[in-house]
Amino acid sequence: SDINTLNRLAYAYQALNDLPKSKSTYQKTLKLDKYNAIATKNLERLNLWKGKKGLNNSIQNISANATVFLEEPGKTKLVALINLAPVSTVSLLRPSQPVELSVKRKSVLIVTDNNKYIGALPDDLAFKIMRFLKNNYKYTCFIKSADKNTVSVFLREIQRGKRLINQPSFPAGSNDL
């Protein structure tokens, strides 16, 4: 009958991809506390997952590495995406989920591993990243947070091109965003 324990148990079922048990456990939480925000939010998310395939439905595939969000001056940046995908897509995203950069015309899009659109980098940062990508820079990108109206990603420079070897992707103190 402990609400916090029930929420954690439901999340554990979700992580094991046992969505029916997760859903019933969140419903039990709501019987004890009908205004529980955690259970309500996660039940909404589970209802959106119903019957979905292809957006990494199972969060067991997402490896949460303790160093994923470790900040390094000049090499990492937290970015709020623009032009987000529909809520049905965004609701399936999980923190630390790896995503990819995709250059399209004059934009840098963020997509899932199966090329499902999530959002785009702001134009000023996209222009800068495209320039670095053309010069053989390489980046990793992970979902930092996601809710109905916002998605934040964590960008990490993992390789610099030889031509711009001394140029950091995200200089300390820069106000790109």
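Not measured: the values here are computed from a predicted model.

Trainee: Now, about the overall build of the protein: what can you tell me, with residues and values included?
Mentor: Counting its secondary structure elements, the protein contains five helices and six strands. Order of helices (α) and strands (β) in the protein, N terminus to C terminus: α-α-α-β-α-β-β-β-α-β-β. By the burial criterion, 42% of the 177 residues in the protein qualify as buried. Just so you have it, the protein exposes about 10,300 Å², and 52% of that area is on carbon and sulfur atoms.

Trainee: A description of the pairing of strand β6 (residues 151–159) should follow, citing residues and the corresponding values.
Mentor: The side chains of a regular strand alternate, residue by residue, between the two faces of the sheet. With seven of nine residues buried, β6 is to be regarded as a mostly interior element. Examined bridge by bridge, strand β5 (residues 138–146) and β6 share eight bridges and lie antiparallel to one another. Across the sheet, S145 pairs through a bridge with S152, a residue of β6. Hairpin connection from β5 to β6: four residues lie between these consecutive antiparallel strands.

Trainee: Pulling in residues and values, what's your account of helix α1 (residues 3–15)?
Mentor: Helix length check: α1, at 13 residues, gives a terminal C-alpha distance of 18 Å against a target of 18 Å (1.5 Å per residue), a fit within 8%. For α1, the set of buried residues is L6, N7, A10 and Q14. Projection of α1 onto a plane perpendicular to its axis shows the buried side chains occupying an angular sector of 100°, all on one side. Capping of α1 at its N-terminal end is provided by D2; its side-chain oxygen lies 3.0 Å from the backbone amide nitrogen of N4.

Trainee: Could you give me a rundown of the sheet that holds β5, with the residues and numbers involved?
Mentor: Here six strands make up an open sheet; going across it, the order is β1-β6-β5-β2-β3-β4 and the pairing antiparallel. In this open sheet, the two edge strands, each paired with only one partner strand, are β1 (76–80) and β4 (117–120). Averaged over all adjacent pairs, the angle separating strand axes in this sheet is 35°, with direction ignored. In the sheet, strand β2 (residues 98–104) pairs with strand β3 (residues 107–111) via five bridges, with the strands oriented antiparallel. Within β3, the position partnered with L101 by the bridge is I110. Most of the contacts of helix α5 (residues 123–134) go to β3, to which it runs at about 90°, and overall it touches β1, β2, β3, β5 and β6.

Trainee: Describe the nonpolar core, with residues and values.
Mentor: One finds I110, I118, L121, I143, V151 and V153 to be the most contacted residues of the largest nonpolar core, which totals 25 residues. When contributions to this core are tallied by element, the ones reaching two or more residues are β3, α5, β5 and β6. Of the residues forming this core, the biggest block, five residues, is contributed by α5. Filtering out sequence-adjacent residues up to four positions away, I110 remains in contact with L81, V99, E100, L101, K116, Y117, I118, G119, L121, C141 and V153. Residues A10, L19, L30 and A39 belong to the second largest nonpolar core, which totals seven residues.

Trainee: Break down the pattern of salt bridges for me, citing the residues and quoting the values.
Mentor: Tallied over the full model, the rule gives two salt bridges. E44 is the salt-bridge partner of K148, the closest N and O atoms lying 3.8 Å from each other. Of this pair, K148 sits in the loop between β5 and β6 while E44 sits in helix α3 (residues 37–49), placing them 104 residues apart in sequence. Linking R160 and E157 is a salt bridge whose minimum nitrogen-to-oxygen distance equals 2.5 Å. With relative accessibility at 24%, the residue R160 sits in the partly exposed group. Under the relative-accessibility criterion, E157 is labelled buried at 4%.

Trainee: Please give an account of the side chain of S22 that cites residues and values.
Mentor: When you line up the elements, S22 lands in helix α2 (residues 19–32). Beyond its immediate stretch of four places on either side in the chain, S22 contacts A10, Y13, Q14 and L46.

What counts as what
Residues numbered from 1 in each chain as written. Predicted model: local features only at pLDDT ≥ 70, side-chain atom pairs only at ≥ 80, totals over all residues. Heavy atoms only, no water. Helix = DSSP H or I, 4+ residues; strand = E, 2+ residues; numbered from the N terminus. Buried < 20%, exposed > 50% of the residue type's maximum accessible area, 1.4 Å probe, protein only. Areas by Shrake-Rupley, 256 points an atom, 1.4 Å probe, with all protein chains shown as cover. Pairing = 2+ DSSP bridges. Expected span 1.5 Å × (residues − 1). Arc of directions from axis to C-beta. Polar contact = N/O pair within 3.5 Å; in protein donor to acceptor, adjacent residues only side chain to side chain. Axes fitted to C-alpha atoms, helices over the stretch in contact; angles between N-to-C directions. Contact = heavy atoms within 4.5 Å. Core = buried A, V, L, I, M, F, W, Y, C linked by side-chain atoms within 4.5 Å. Salt bridge = Lys/Arg side-chain N within 4 Å of Asp/Glu carboxyl O.

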